[in-house]
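Below are the chains, spelled out letter by letter.
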Amino acid sequence: MLSMRTYPSRPKNRALCVSGPELQLVEGQKTKWFANTQAGQREAMAYMEVCYEQAAEKKQWTDRNDTPLFGSPDEPGTFCHAFIEDETNRARTGYLALDEVDAKACALRQLGSLNYAGQKLRDVKIGDVTRGKVREDIVNQVRRMGSRSTVKRKWLYLKQLFAYAVEIERLNANPCLFAKDAKLFLNNEERVTDHLVNLDVDVPKILAAAPERYKLAMTFAAYTGLRAGEQLALTWDDIDLIYGTQNISVTKAVKKSGEVGAPKSKHGKRDVELPEHLADLLRHWKLKQSPKERQKHNLVFPTMHGDYADANTWRRRGLIPACKAAGVDPIRWHDLRHYYASLLIFEIKHAPQEISRMMGHHDFSFTSKQYGHWLEKAKDKSKVGDKISALMGGM
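The structure presented is a predicted model; accordingly, all values stated were derived computationally and were not measured.

K.L.:
Please set out the sheet that holds strand β6 (residues 239-240) residue by residue, giving values where relevant.
P.N.:
Spatial ordering of the open sheet is given by β6-β7-β10, a layout of three strands whose pairing is antiparallel. With one partner strand each, in any of the chains shown, β6 and β10 (270-273) form the two edges of the open sheet. When β6 meets strand β7 (residues 247-250), the two strands line up antiparallel, connected through two bridges. Each bridged residue has a counterpart across the sheet, and for I239 the counterpart in β7 is I248.

K.L.:
Break down the packing of aromatic side chains for me, with residues and values.
P.N.:
In the structure shown here, the tally under the stated rule is nine aromatic pairs. Considering the side-chain rings of F83 and Y164, the 5.8 Å spacing of their centres and the 50° angle between planes classify their relative orientation as tilted. Here the residue F83 occupies a position in helix α3 (residues 79-92), and Y164 occupies one in helix α6 (residues 148-167), the gap between them amounting to 81 residues. When its relative accessible area of 13% is taken as the criterion, Y164 is described as buried. What links up through ring pairs into an aromatic cluster is the set F220, F301, W314 and W333. Above the plane of the ring of Y214 lies R213, whose end atom (NZ or CZ) is 5.9 Å from the centre. The residue whose ring lies beneath R283 is Y243, and the NZ or CZ to ring-centre distance is 3.7 Å.

K.L.:
Summarise the environment of V134; cite the residues concerned and give the values.
P.N.:
Inspection of the secondary structure puts V134 in helix α5 (residues 131-143). With 43 residues separating them along the chain, V134 and L177 place their C-alpha atoms 9.9 Å apart. Other than its neighbours up to four places away in sequence, V134 contacts Y116, V129, V139, W155, P175, C176 and F178.

K.L.:
Go over the side chain of T224, please, and point to the residues and values.
P.N.:
Summarising the element assignment, T224 is placed in helix α8 (residues 212-224). The class of T224 is buried, set by a relative accessible area of 0%. In terms of polar contacts, T224 uses its side chain to reach the backbone carbonyl oxygen of F220, at 2.6 Å. Apart from residues lying up to four places away in sequence, T224 is in contact with I248, V272, L274, L278 and Y340.

Calculation notes
Residues numbered from 1 in each chain as written. Predicted model: local features only at pLDDT ≥ 70, side-chain atom pairs only at ≥ 80, totals over all residues. Heavy atoms only, no water. Pairing = 2+ DSSP bridges. Helix = DSSP H or I, 4+ residues; strand = E, 2+ residues; numbered from the N terminus. Phe/Tyr/Trp six-rings, centres within 6.5 Å; stacked < 30°, edge-to-face > 60°. Buried < 20%, exposed > 50% of the residue type's maximum accessible area, 1.4 Å probe, protein only. Lys NZ or Arg CZ within 6 Å of the ring centre and 35° of its normal. Contact = heavy atoms within 4.5 Å. Polar contact = N/O pair within 3.5 Å; in protein donor to acceptor, adjacent residues only side chain to side chain.

Here's what the structure looks like:
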């Protein structure tokens, strides 16, 4: 039942308060304030009547048991898939960029792997997701998914998904809507790699399960640490495949706009030692490539027509299916770069400054911020190519 109370200590124009579960159901908020005057009381009474009517309608059209699973953007019939389909349609009409839709899909795959009341969120019906359990279970897990800006963006996407559920009348209220949700991650200082606890185990499984068309591109990313844009722009002229001097010269990158330009920073221009085993795979791939794939730009990883490939396609058709086939939680393409950093630190034990150079970071402080908890174990220098070849084994 709705209630109406006056608070004389408050300013007169906001001293009359209406509250109750019906208000929460209709407006998604616990209270609504009016002026403590006769006109304000009449307005509040009229509002309460409307609120009762709308709450009654909402209770009729929402059945929690009839709601779909949270699911995944890749699973038709689940709510994540429906949401991404709607966002894709909006992108086609120019309301938002397709890259933004891809970012939302990627984030929702990761969010679906979070634990909710003893099971994965993706296996829970959206009607069973409650504000209390979200606050208790989900928020703390989201905090561990990256830097403050990263987790705030993931949280925004989760709120948008449930807002869409309310909009199409599948839910009465958004379970991710909190009065002070801007402060949920205010003190979040989690490092970008804190959530990658099983990376050393998962990535080899993912590469083994990768679709054949994308296997080499994924393996290259994991054992060279190049950014996706740098790998997309790589030409055969940038790679030295001569035995004993294998080397990659990073001088350019494909930008989000599709244009080819300089790497992310001036320090992004660098030489990366090429592991012998990976060099063998590239030699075989170079011989196998068709003239059509080489004729336009002489790219190492082109499309079938020789154009610049799309990293989102690599992720959708290569990485995500590989994660699913390997039975591991989905990772981002950029996490393959983190895997390379973990090899440099834990297995090869390279000097921190050299790791910063090989990763193409603009300064060592950034490397320390990203991998400070890993760098504590990096002590001596080693020959990178030989050791990574050994780690790759018989791939």
